[in-house]
Each structure stands twice: as C-alpha cells, then as structure tokens.
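Notes for the structure review
The chain contents come next:
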Amino acid sequence: MRAVGRAMLSRSVLAVGVLVLVGGAAAAKAGLAACSPSDYHFEYTECDNTGSRWRVAIPTTPGKCSGLPEPIKGRECSFSCGSGEFLDLFNQTCSKCAAGSYSLGSGIRFDEWENLPPGFSTVATFVEDADSSATDGLNCSSSSWVPQSSYIASNRDDCTVSLIYSVHLKKAGSVSFDYQYVDNSIFFEFFVQNDQCQDTESAEQKWMQLTERDEWRRHSMNLKTGTNVLYWRTTGILLGDKLAKRVLLKDIYIEGVAYTSECFPCKPGTYSDTAGSSLCKPCPRNTFSRRGASSCQKCDEALQFSEEGSSKCQNRPPCTEKDYFQIHTPCDSERKTQMIYKWISPKLCRDNIAKAVKLPPSGEKQPCPPCNPGFYNNDTASCAACPSNTISDGMSACKQCPAGTEPALGFEYKWWNTLPFNMKTSCFNVGNTKCDGMNGWEVGGDHVHSGIGSSDNDYLILSLYIPSFSSPISTLQSAGIELGRVTFVFETQCTGSCELYFMVDINRKSTNVVESWEGTKERQSYTHFVTKNTAVTYTWAFQRATSPYEERKRLNDNVKIYSIVVNNAANGVGLSCRPCALGSDQSSSSCVPCPPGHYIEKDTNQCQECPPETYLSAHHVYGVDSCIPCGPGSRSNKDHSICFSDCSFAHSLENHTLTFEFSGLNGVSSLMNGPSFTSRGTKFFHLFNISLCGNQGAKVAVCSDNVTGVTVQGMQSDPSDFGNEITSFLCQSTIIPSDGRSFRTALSSQSISLGDAFLGASVETSMQNMTARPDLFPPPVTRVPDIHFFYMSSMSTTSCESERGAVISLRCNPARSGRGEISVPSECPGGTCDGCTFLFLWESAEACPLCTMTDYHEIEGACRGGTQETTYVWKEPKVCIKGVSLPEKSLASCEMIDFWLKVVVGVGAFTAVLLIILTCYFWKKNKRLEYKYSKLVMNTNSREVELPAADSCAIMEGEDNEEDVVYSNKPSLLGKLKSLTSKDKEDIFESVQLKSPRSHNI
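Residues numbered from 1 in each chain as written. Predicted model: local features only at pLDDT ≥ 70, side-chain atom pairs only at ≥ 80, totals over all residues. Heavy atoms only, no water.

Right, let's get into the overall build of the chain. Counting its secondary structure elements, the chain contains five helices and 68 strands. By the burial criterion, 44% of the 1002 residues in the chain qualify as buried. Counting contacts in the chain only where the partners sit at least 6 residues apart, residues at least 24 apart contribute 67% of the total. By element, 53% of the accessible surface of the chain is carried by carbon and sulfur atoms, the whole surface being about 50700 Å². (Helix = DSSP H or I, 4+ residues; strand = E, 2+ residues; numbered from the N terminus. Buried < 20%, exposed > 50% of the residue type's maximum accessible area, 1.4 Å probe, protein only. Contact = heavy atoms within 4.5 Å. Areas by Shrake-Rupley, 256 points an atom, 1.4 Å probe, with all protein chains shown as cover.)

Here is the structure:
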C-alpha cells in the first residue's frame, strides 16, 4: 500500500508539472512575460518502481509568468553529494558550499537550538490506568522539550514528553546524537519506528545509560531505508517535591538522506572561511560572529570580552577579590615568604573603573605557611610528603613512630596554599561552551573556593583521587564494612538556587551523586563511609544556576571547603602513630597485620582473637574494647566482621523458656507494597527484598535498576562498580508497572538500602532510637510475644542525618503456613511514617516457638477388657511448631487395679459397720456406769452414818453387784473401758469390798 501510495505521489507531482506547463502555455497565450530563474525552483519527484525520478520546475507564484522549463529525467535515486557539497538542481551536478556555510553531503546535522528546528515536534502525554482518578484536573500541556541555544532540554515533571522527527531515507543510514543524563528519577529512552510503526531496536537497547554530570555521551543507531520516525522520550517519576534534573540533547546527525539541495549557514559564534566546508569552526576567545559568517570580528578587549564560540561580546564587570589569587615564593633563610598576587587568567574584569578592586601589591614578607599533616617544609614554598613510616604535624620535621606503633595513613588538607598533588580542578559547561581554560576552584589559604567560570550554569569541578584503601585487617574488604571515610567541612553563599554536588566515581566507571545541597548553607561537616576497597574519585561540583544567561547574574555565589580528611588511604601520608601488632621477635618494631577478627593486646602488642559473639571495629583495633558485642539474638561470623541472626532466638516467659527457630524464613522474601501515586497520578509500587537471617552474615537481598543500568554485556565485571545494584539485608526499589505509564515492561529504579547492619532481636518495642510502634499493627491473636529484628543503614540522608533503619516484627500466626505474609502499617505509605524508620510485620507459623512437653496434655480412657488407653493432645490453641513431637497412644493393663479396689471397698464397708456396732454398744454401757457412779457419789456424801438400803433384794442372774466398787474420783472413759474389759475376764463370783475407807472411819 505504501509503495502504491508513493507511486501515486510521484504521478501526482508529475501531473503538477504537466499542469504547470499547461498553465504556462495558457499564460503565454495570455501574453505574459517569460519566467526568469527567480520565478521558480526545481524539485525532484518521488522515485518510481524503476528507481527513476524527474526534475520539475515549480513556480513561486502560479500564473505570474510563462515559459517554465520542461520536466527532465533526474539523477538516479541513490545518488548523493559528498561532504561540503550540495546538489545544484539547475544543472544536476554537485557544487561546493560557499564560505560561511557547510554541508554534510548525504547527512543532516542539528546543532543549533535557539528554536525548535523545522521538522521537529514535541508531544506531552500522561497515560494512566482507565480506572484511575488520580489524574483528574491535571494535564501536561505546559510540558515540553525546551531549546537552550546550543542544546535542547527535557521536561522536569512527571509527564511523558516526546521529541519527534521523521526522515525518509533512500538508502540505509544512521542517526547519532550527544546526550547528558544524570538523574535516575526521570526515564530516558530513544527508539525508532519504521513505516509499519514497528520499533527497529529491542527494548533493552532503547533505554539510555546514566552519564556523569560533566560528560556528554554519544549514542548511535542504524536506520533502514524508508521512513523512520525518531523518538526521544522522557518520563519523570517524582516521589517527592524535588524536580528531576533535565535530560540534555544536542548535535543530532542523520546520515543516509538522498541529497541536500542547499548548504546550511554557519550558526552564530562559528564561521567557515573556505568553500566546500563540512563544518563550521568556533570563533576564538574575544571574537564573535553572526549567522553565516566567513570570519570572526574582534571585541574591544579593553571594555569587552567573549568566550570561545560566542555570538556577541560582553562588557567586562568590575574586578572583585575573587578575580585574583595569591602564591608564595620559596622560603628564605629567615623562613619568610613573599606574597605574590596575580589576576586569574583569562582576566575578564576591569580594574580601572569605579568600585573595582585593585590588585594588592606583591612582595610583602610573611612567615612561611604551614604544611598539611604528613608533609614538611624543606625551606621552600612547597611542601613535600614525609618519608615512609614517618609522621609530621605539618609544622615540624618528620619523625619515626615509637616501637610498637605505626603511622596512620591518610590525607588531611586544612591549609590551601597550593592545590594538593592528587587533586585537580576543571570547568565544564553543559552547552559545550569552552571554560576548560579557567580554574573551577581557587585556593584561599585556609580554604578552597569556587572560581568564576565562564557562565552561571558552568559546573565548577574539584576532584580528589584515592587509588585504594588500607586496613589493619586486609580481608575485611569483602564483608561490606567500613574501610575508610572522607569528611569535609564546607559552606555555601547563594543569592539564587545554586547547588553543590558531592559525587563518587568507582573505578572510573560510573559517577553517582551521593548528596547535594541547594541554596545557602551554614558551615557544616559531612562524612561519607567507604565499604569497598577500590579506586575512588571524589568530586565536588558547584553550579550557580541551571539555566544559561547572556549576562552574569550569580557571580558572587560561591562555595568554600575548609578541610578534607581521608583516612586509611593506602598511598596516604603519616598523620599520627597508632599501636600495631608485633611479630614473634619482641625486639623488632616492624608491625605485622593481625588475622581477621583479632585485636592488638595492650600489654604484649600481640594479636588476640575477639571473644565469641563480638565483631571487630574497622579502625580501633587496640585492646579488647575494640571487639564490640553483638546485639541480643545475634552472633558474629567467623571473621568477627559482622553480626547476624542465625535464625534462632530464646525468650523467658512465665517461668519457662520459649525457643524460636526461623530457619524456615531463611533466604530472600519480597513484599510488593502499593499501589501509590505521585502528585500527578503516576502509579508505582515499593518492592522490598528481605534477607532475615542465616547465610553466615552474607547480605543476599538484592535490589537493582533495570532501566538506567548497564547492559548484560557490560556486567562481566563487578556489578557493584556501576552503582545500579544494591546488596543488603533489606533494600527497596521503586517499581513502575507497564500499565501505569504505557511502558512496555515494568521498570525498577531508585534502589536504596534500608539495612546494612543487624543490630539484634528483642521482644522489646525499641532499640537505639528506632521504635517498632506496635500500635500501628493489629494486636496478636496468640499469647506468644512478637520478636523484633532491628536493622540500620549506613546510607545517611539529609532528612535522616543520625540514622535510617528498619524494624521487622515477627508474629506467631498458626494460620499462616509456610513463609507467611509480610505487611506494612496502613497508616504509613511506603512502610515508613517519618522517612527514616521502616516498619514491617511478618506473620507466619514459622515465627511460633518450638513445641515442648508443656504444650500438650494426656487423656486417660476407661478400663475396658483389662486394658486402659492414654491419648496425648495439643493444648488449644496450638501456638508452637517443630520441637517435641506429640507422643503416641499408650495401652496398659487395668485388671489388678479392679480386684484390689473391690477388696479395699469391702474391707472399708465391713470396718464401718463394725465401728457403728461397737459405738452403740459402748455408748449403752457408758450410760449405765454413769448412773451407778452418780448414785454411789450421792450416798457417799450423805451425812447419815448408816449404809443406804439395798436397791434390790437379790441380784438378778447375769447382773453384777454394781455397788461393790467405790471410786473416789470420777474415772475417765478410757478407764471405764479398761475396767469393763478386766471385769469380763474375772470370775463373776469374786467378792468385792463394799465399804469405803471413809465409811469405816465414820
């Protein structure tokens, strides 16, 4: 269909030529004048199926003149001119471009961005889910790519903005361009669609890689014959209030067009002085040019100046203290040096106008400035490093360390008389304006400060190179602990929105912004920790304004760095002496490195292994105090370099011990939290990867960036060198789903570490200022307490200067089998309420304690057939796992137990009846004795002398003479029973004395 369409278009153009001829004939009949070359121009028709085309004259104003040239056969479709030439359609030959212009032959270059070039368009969209109402009232009509003179800049918001250009190629070609892409909060992709709207490259190749802040990276792609639509597309994902850094694009070059029928004029600030030029050269400094210039004009250097490639001259401002610098002459015999002041080159200011600062007079003698620690002054103005194994405070001679000590290596820069040997400064402009001839930073005695640059949007760069780090324990570099640190003190003074960036370049492969400060900042200190022993370049970049200005508006904005300290640098100088371990020969003062996990014993200076469950401090290794105890519920690895959980925990509760075993939760678990939405409604998720315990302390949770990272082919070296992958105990990534912003695949970016170190586990709700906030989670349904795992991250941020960490609360939930379920508080989006502490609740049966004998009880059955069954069951609800197993059912004989039970019951019943009978009998006997005894007492106490009469005339058979026994006192019941018993045994006819002694006396 498209071939047919092109053929129809060719016939249409030919028909237009025929109609023009017919119109010309009609005009001739009307008596019009013949057309001159200025009244028409030539164009080629589209190529037909045979590869032919026709040259046709097109009148500027139809019907104005007559006698247009007839169509003739044109050059073959694959024909093109060389560089510096154009196709003259009048005679259909290649001609050289005139001076002041250039041509690429079969190519097109776009290097001027004062306005959007013809053929380019920009489209802003915001594609979101159909069921999402977050975008109501929001639009992207104001978002677009913005031309910025020598480059074009993308949007900074969260809209999707495309820069589009369509080109038709007669033969296979290519496209190349330069870009700068420094912020991973905005996604940048480039792809090409062909005639069938199909991408010509794979999805993995369309995502652009991040660049350094002072780097322009070139990207190229092959183009096929036919129509190619080029797309440069950016999509911002803004999770906070801070806008993204723009993507910059310049020097777009397309190769493979059929021909160019005209030359392009040189853009302002450039020129071409010869015919047939393929490019234009920039004007030298202090000159300028207009568009299409064949030469540059000079500025009035007394009053004006210009940078290289300028289109106009600028007035020189009055000189200030920032326009000159000072140097020191060599120290003389009196240890004096002369101060020499010089203007910063090139000099851009005027000192002969009002309010201008004059250059101070040189020659004043001053005491020689001190050197930085580890350096010495050998009667010269420069400082030299102390020899190996010596130290100096910078003001005295170098000296040896005492026996049993060694120099602590590093760099400490606090005097800035000259720039240190391992530091360099430069100037970079995003628009490729040349400012390399200027110093980005200048020394100022007790500080180093930003220079003037060439424009307000220059990056003023200061770099410090450290090839490697050293440590008393050389094998710790693989453990991910602190090997060194860099600390600097700085302040900024800004009238606008200037910004200072602190960046780290690992192995010169990738540069990452560690921290940035915007606007005026009071004097403060910042520390960055080193956890990988590799070559590192630290960079400080200062930018006064993000947009270029014709006039200098922020010249007085500056930054000052007062001191920079780097410790444990392998190529450093001796800053101080520290104790070290001695060899077997005590008389030797040469130090030896201690094995992993060993400290230096204070008395003998010998290496001693750290006690169990402690880890060794990265720097302080002198004395047992350098072995830091691990937190509760944690243990150290074999190298005593890190503490971790071995998946076990014990807790005492109600006079018994709960033992937990979390081996079922080993490995990596993930939580996808969300969805959440940006201010404009972009849907995103937070992906958390958690490595809870085990692995001998190895951090196995990995969060990576699948958009702005390196390709698979580039990952042959250490992936951590590129900064797109984070390994930790707990990390987080931002996931943009493919259906959220019309992406063709889900995107993962902005990975951060939430837990580099394991602090310990506890049932308490807080540890080291991190609160578990149990009120944010629903209360547990069991009596088993929650176990809190505490983690801390070494990645400090501006909002969390002290610490950032996470708390994982393990909760016993028998209903959650396997690894269970992880959740975050509903009140805290993204798992954090303050941005510093992340909270997680992990419910699982694996979080229940091990079973013990107290978790079950026994049930005895009835005795049936001489057998009794005992069953063991778990107490409800069951809140334990593993541990002690439930015993099997047991059977026991129960026959002997029934027989003796019957015997005992029978004997008991007989004994009870007998006791009842005896009780009744003795009770009756007792009554009779009491009656007789009372009568006897009454008769005895009577005053009558004669004996009482007998109660009966005779004793009945079977009865005793109850009056024969006389008692002086009332007997006890026991005595009565004894007497009755003895009486029964005596003869019933035995005589008994009837009179008492008292009656006898009477």
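That shown, we press on.
So, about the packing of aromatic side chains. The geometry of an aromatic ring pair is captured by the separation of the ring centres together with the interplanar angle, meaning the angle of the planes. Applying the stated criterion across every chain yields a total of 44 aromatic pairs. With centroids separated by 4.9 Å and ring planes inclined at 10°, the aromatic side chains of F191 and Y231 adopt a geometry described as stacked. Residue F191 is found in strand β13 (residues 186-193), and its partner Y231 is found in strand β15 (residues 226-236); the two are separated by 40 residues along the sequence. The pair formed by F191 and Y231 is uniform in burial state, with each residue classed as buried. Plain terms: the ring middles of Y324 and W343 are 6.1 Å apart, the flat faces sit at 85° to each other, and that makes the pair edge-to-face. Here the residue Y324 occupies a position in strand β24 (residues 324-328), and W343 occupies one in strand β25 (residues 336-343), the gap between them amounting to 19 residues. (Phe/Tyr/Trp six-rings, centres within 6.5 Å; stacked < 30°, edge-to-face > 60°.)

Time to look at empty space enclosed by the protein. Evaluation of the coordinates by the stated rule reveals one cavity of 30 Å³ or more. Volume-wise, the largest cavity comes out at about 40 Å³. For the lining of the largest cavity, a count of residues per class yields three nonpolar, no polar and four charged. (1 Å grid on protein atoms, 1.4 Å probe; cavity = no way out; pocket = protein on both sides within 12 Å on 5 of 7 lines; lining within 4 Å. Points joined across faces, edges and corners; volume = space filled by probe spheres on them. Nonpolar A, V, L, I, M, F, W, Y, C, P; charged D, E, K, R; others polar.)

This brings us to the confidence of the model for the chain. A low pLDDT means the predicted coordinates there should not be read in detail. Across the chain, the average pLDDT comes to 78, with 79% of residues at or above 70. Of the regions scoring below 50 in pLDDT, residues 708-723 engages in 29 contacts with residues more than four places distant in sequence or in other chains. Segment residues 983-1002 is flagged for pLDDT under 50; beyond a separation of four residues in sequence, or across chains, it makes 13 contacts in the model. (pLDDT = per-residue confidence, 0-100.)

Within the element layout of this structure, S670 appears in strand β53 (residues 668-677). On the accessibility criterion, S670 (48% relative accessible area) is partly exposed. Measuring from C-alpha to C-alpha, the distance between S670 and S691 comes to 9.1 Å, with 21 residues separating the pair along the chain. In contact with S670, not counting residues within four places along its chain, are L687, F688 and N689. A polar contact of 2.6 Å, which involves the side chain of S670, links it to the side chain of N689. (Polar contact = N/O pair within 3.5 Å; in protein donor to acceptor, adjacent residues only side chain to side chain.)

On to the environment of F191. Using a relative accessible area of 4% as the deciding quantity, one classes F191 as buried. Considered as a pair, F191 and M221 are 30 residues apart in the sequence and their alpha carbons are 8.8 Å apart.

Among the surface-exposed residues, F910, L914, L918, Y921 and F922 lie close enough to one another that they form a single nonpolar patch of about 490 Å² accessible area. Along the chain, L918 turns up in helix α3 (residues 895-940). (Patch = residues over 30% accessible without salt bridge, like charges linked within 9 Å, V, L, I, M, F, W, Y side chains within 5 Å. Salt bridge = Lys/Arg side-chain N within 4 Å of Asp/Glu carboxyl O.)

On to the sheet that holds strand β68 (residues 890-893), then. Pairing is antiparallel across the open sheet formed by three strands, whose spatial order is β66-β67-β68. One side of each edge strand has no neighbouring strand; the edge strands of this open sheet are β66 (856-860) and β68. Neighbour-to-neighbour, the strand axes of this sheet turn through a mean angle of 25°, independent of strand direction. Both strand β67 (residues 867-874) and β68 contribute to a ladder of four bridges, which runs antiparallel. Bridge pairing in β68 places T870 opposite S890. (Pairing = 2+ DSSP bridges. Axes fitted to C-alpha atoms, helices over the stretch in contact; angles between N-to-C directions.)

To continue, consider the pairing of β67. By the bridge criterion, five bridges tie β66 to β67 in an arrangement that is antiparallel. Its bridge partner being in β67, E860 is matched across the sheet by T870. Two successive antiparallel strands, β66 and β67, enclose a turn made up of six residues, where G865 displays a positive phi of approximately 60°.

One pass over the structure, following the stated rule, counts 19 disulfides. Between the sulfur atoms of C283 and its disulfide partner C296 the distance amounts to 2.0 Å. Judged by the sign of its S-S torsion, about -80°, the bond between C283 and C296 is left-handed. Of this pair, C283 sits in the loop between β19 (281-282) and β20 (287-288) while C296 sits in the loop between β20 and β21 (297-298), placing them 13 residues apart in sequence. A relative accessible area of 0% places C283 in the buried class. (Disulfide = S-S within 2.5 Å.)

Here four strands make up an open sheet; going across it, the order is β8-β11-β15-β13 and the pairing antiparallel. Looking at strand neighbours, the two that pair on one side only are β8 (120-125) and β13, the edges of this open sheet. Across the sheet, the mean angle from the axis of one strand to that of its neighbour is 20°, orientation sign disregarded.

Okay, unusual backbone geometry next. Of the consecutive residues E876 and P877, the connecting peptide bond is found in the cis state with omega at -5°. Mapped onto the secondary structure, P877 falls in the loop between β67 and β68. Positive phi outside glycine occurs at D251, with the angle close to 50°. Relative to the helices and strands, D251 resides in strand β16 (residues 248-255).

All chains considered together, the criterion is met by twelve salt bridges. Here D178 ties to R218 by a salt bridge, and the two come within 2.6 Å at their closest N and O atoms. Taken together, the residues span a long stretch of sequence, with D178 in strand β12 (residues 173-180) and R218 in strand β14 (residues 217-223) at a distance of 40 residues. The residue K245 makes a salt bridge to E499 at a minimum N-O spacing of 2.8 Å. Of this pair, K245 sits in the loop between β15 and β16 while E499 sits in strand β37 (residues 499-506), and the two are 254 residues apart along the sequence. Classification of K245 as buried rests on a relative accessible area of 14%. Look at E499 and you get buried, because its relative accessible area is 4%.

Now for the nonpolar core. Residues W232, I252 and I254 are the most contacted members of the largest nonpolar core, which totals 39 residues. Counting residues per element, the ones that place at least two in this core are β7 (107-110), β11 (160-169), β12, β13, β14, β15 and β16. If sequence neighbours within four positions are ignored, W232 has contacts with F120, W145, V161, S162, L163, Y165, F177, F188, E189, F190, L249 and I252. Within the second largest apolar cluster, 37 residues are counted, among which are W441, V486, L500 and W540. (Core = buried A, V, L, I, M, F, W, Y, C linked by side-chain atoms within 4.5 Å.)

Further remarks concern the pairing of strand β54 (residues 683-691). Of all nine residues that make up β54, eight are buried, and the element is covered over most of its length. With six bridges joining them, β54 and strand β57 (residues 730-736) adopt antiparallel strand pairing. Residue F688 lies in a different strand from β57, and its bridge partner there is Q732.

You can see S676 is positioned in strand β53. Setting aside anything within four residues of it in sequence, one finds S676 in contact with T682, K683 and F684.

Here the focus is the environment of G74. Residue position: G74 is located in the loop between β3 (72-73) and β4 (85-88). Residue class for G74 comes out buried when judged on its relative accessible area of 15%. With sequence-adjacent residues up to four places away left out, G74 is seen in contact with Y44, R53, W54, R55 and Q92.

What follows deals with the side chain of D39. Along the chain, D39 falls in the loop between α1 (2-29) and β1 (40-44). Sequence-distant contacts of D39, defined by excluding residues within four places in its chain, comprise P59, T60, T61, K64 and C65.

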